[in-house]
Amino acid sequence: MSKKRLTTSRDLPGLRAVGLFEAAYNQANLDNTRAMRILRRNGELANGFAKLLTDLAMSSWYADEELNSECLYSEKYHGPRPIDEQITALAAIFNFDHSHALKLAKHLPELPHGAEGWFAVLDWKQTALTYCEVLEKVLAAIKSKRNFFNHQDGRLGAEYLRQHARTTIMLQKFRDQCNQLVGGGIIIVPAQLGMWHRGRSVRRSHAVFARHEFGLDAVAVGSILLTHPELQTRWEHLQIDCAGNEYALGNDGGWQLAPSFHFASSLKFGVRLYNFADKRYGSATGFLPPRQQPQSPRRNHVQRR
């Protein structure tokens, strides 16, 4: 299937949008001093344009599954730790060869739009284990390091849990594009940990994913919590939905839930309905690098509110 060509400012819709900006600028009654003030704040201007464009282009699918949220990450979390530290820490926990990952970390591409930084996570395809077995190891590692409770203990087999199809496809494209499937068990992913989608149901988050965006699964989020335990230490902090998974309760009830990590007296792993919005939760997502981005079947990205 051929990719749909993306429009630019030189195409008719783009020219009309630029014309609207020109008209608004001409009607703003700016003298030279005020105009120069705007230029000196060019970063804010560009970011403002980007947010407005993505907001206006946002899908209306499941728009009622979104709440206004001002929930933040923990005040102790100051962004991703140096990627070498993350890789070394994960390799030590799971006894993986991390030499290739460290080499890749020295030549990472430009950080994609929307990502907060680079995160080292386990890649189950680089192991001899099944996906669910790798997740069990991640959860066991978390439990060995902090007070942790798994609400789904004994219910993490393939009949209950699977990767979302979009995540499976996009991760494989990411591996191929960035040469990351070379052994060692660690993949380096650009990601955001829920802030961009806070207050949205997982289903609503999927509806507004960017073309280059995909949900992070429980293996990835669990890996990040191992290297960034300060992310979740209080209920008031933003809790993390694993939008890269689907979960079923059985009895032909369908894949209507998604895993999540949340804090309530201790860190906990459980599941939530795909269509349930909560201002304390946000979907964690990964991104493809800016070059050779695949076409998304629908929808545009919404920037962090």
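For the structure itself, look to the data block above.
Described in the following lines is the structure provided in the data block.

What counts as what
- Residues numbered from 1 in each chain as written.
- Predicted model: local features only at pLDDT ≥ 70, side-chain atom pairs only at ≥ 80, totals over all residues.
- Heavy atoms only, no water.
- Buried < 20%, exposed > 50% of the residue type's maximum accessible area, 1.4 Å probe, protein only.
- Helix = DSSP H or I, 4+ residues; strand = E, 2+ residues; numbered from the N terminus.
- Pairing = 2+ DSSP bridges.
- Axes fitted to C-alpha atoms, helices over the stretch in contact; angles between N-to-C directions.
- Contact = heavy atoms within 4.5 Å.
- Polar contact = N/O pair within 3.5 Å; in protein donor to acceptor, adjacent residues only side chain to side chain.
- 1 Å grid on protein atoms, 1.4 Å probe; cavity = no way out; pocket = protein on both sides within 12 Å on 5 of 7 lines; lining within 4 Å.
- Points joined across faces, edges and corners; volume = space filled by probe spheres on them.
- Nonpolar A, V, L, I, M, F, W, Y, C, P; charged D, E, K, R; others polar.
- Phe/Tyr/Trp six-rings, centres within 6.5 Å; stacked < 30°, edge-to-face > 60°.
- Lys NZ or Arg CZ within 6 Å of the ring centre and 35° of its normal.
- Salt bridge = Lys/Arg side-chain N within 4 Å of Asp/Glu carboxyl O.

**Looking at the pairing of strand β9 (residues 267-273)**
Looking along a regular strand, one sees the side chains alternate between the two faces of the sheet. Of all 7 residues that make up β9, 5 are buried, and the element is covered over most of its length. Pairing between strand β2 (residues 148-150) and β9: 3 bridges, direction parallel. Across the sheet, residue Phe 148 finds its bridge partner in β9, namely Leu 267. As defined by bridge partners, strand β8 (residues 257-263) adjoins β9 across 7 bridges and the pair is classed as antiparallel. If you follow Leu 257 over to β9, its bridge partner there is Leu 273. Count of turn residues in the β8/β9 antiparallel hairpin: 3 residues, of which Ser 265 carries a positive phi of about 70°.

**Topic: the sheet that holds strand β4 (residues 186-192)**
The strand order across the open sheet built from 4 strands is β1-β4-β11-β5, with neighbouring strands paired in antiparallel fashion. Strands at the two margins of the open sheet, each flanked by one partner only, are β1 (117-122) and β5 (213-215). For this sheet, the mean angle separating the axes of adjacent strands, direction not counted, is 50°. Looking at chain direction, β1 and β4 are connected through 6 bridges and run antiparallel. Each bridged residue has a counterpart across the sheet, and for Trp 118 the counterpart in β4 is Pro 190. In the packing of helix α7 (residues 165-178) onto the sheet, contacts are made with β1, β4, β5 and β11 (285-287), and the angle to β5 comes to roughly 125°.

**Some words on the side chain of Ser 205**
As for its position among the elements, Ser 205 is in helix α8 (residues 202-207). Engagement of the side chain of Ser 205 in a polar contact is seen with the side chain of Ser 283, the distance being 3.3 Å. With near-sequence residues (within four places) excluded, Ser 205 lies in contact with His 197, Arg 200 and Ser 283.

**A word on empty space enclosed by the protein**
As enumerated under the stated definition, the model contains 1 cavity of 30 Å³ or more in all. In this model, the largest cavity occupies a volume close to 100 Å³. If you go around the largest cavity, you meet 14 residues; those closest to its centre are Val 121, Leu 122, Leu 171, Asp 217 and Ala 220. The class makeup of the residues in the lining of the largest cavity is 10 nonpolar, 1 polar and 3 charged.

**A short note on the packing of aromatic side chains**
Applying the stated rule across the entire model yields 8 aromatic pairs. Judged by centre distance (5.9 Å) and plane angle (85°), the rings of Trp 124 and Tyr 131 are edge-to-face. Overall, Trp 124 belongs to the partly exposed group, its relative accessible area being 22%. A centroid spacing of 6.2 Å and a plane angle of 70° characterise the contact between Trp 235 and Tyr 281, whose relative ring orientation is edge-to-face. With Trp 235 in the loop between α9 (218-227) and β6 (239-241) and Tyr 281 in strand β10 (residues 281-283), this residue pair connects regions lying 46 residues apart in the sequence. Looking at Arg 162, its charged tip hangs above the ring of Trp 255, at a distance of 4.0 Å from the centre.

**Considerations on the pattern of salt bridges**
Pairing is possible between side chains of opposite charge, provided their charged atoms come close. Under the criterion given, the structure shown has 9 salt bridges. Salt-bridge contacts for Glu 66 lead to Arg 204; the nearest nitrogen and oxygen are separated by 3.0 Å. Highlighted residues: Glu 66 in the loop between α3 (42-56) and α4 (83-94) and Arg 204 in helix α8, separated in sequence by 138 residues. Judged by its relative accessible area of 23%, Glu 66 is partly exposed. Among the salt bridges present, the one from Glu 75 reaches Arg 234, with a minimum N-O distance of 3.5 Å. Note that Glu 75 is positioned in the loop between α3 and α4 and Arg 234 in the loop between α9 and β6, a separation of 159 residues in sequence. Classification of Glu 75 as partly exposed rests on a relative accessible area of 49%.

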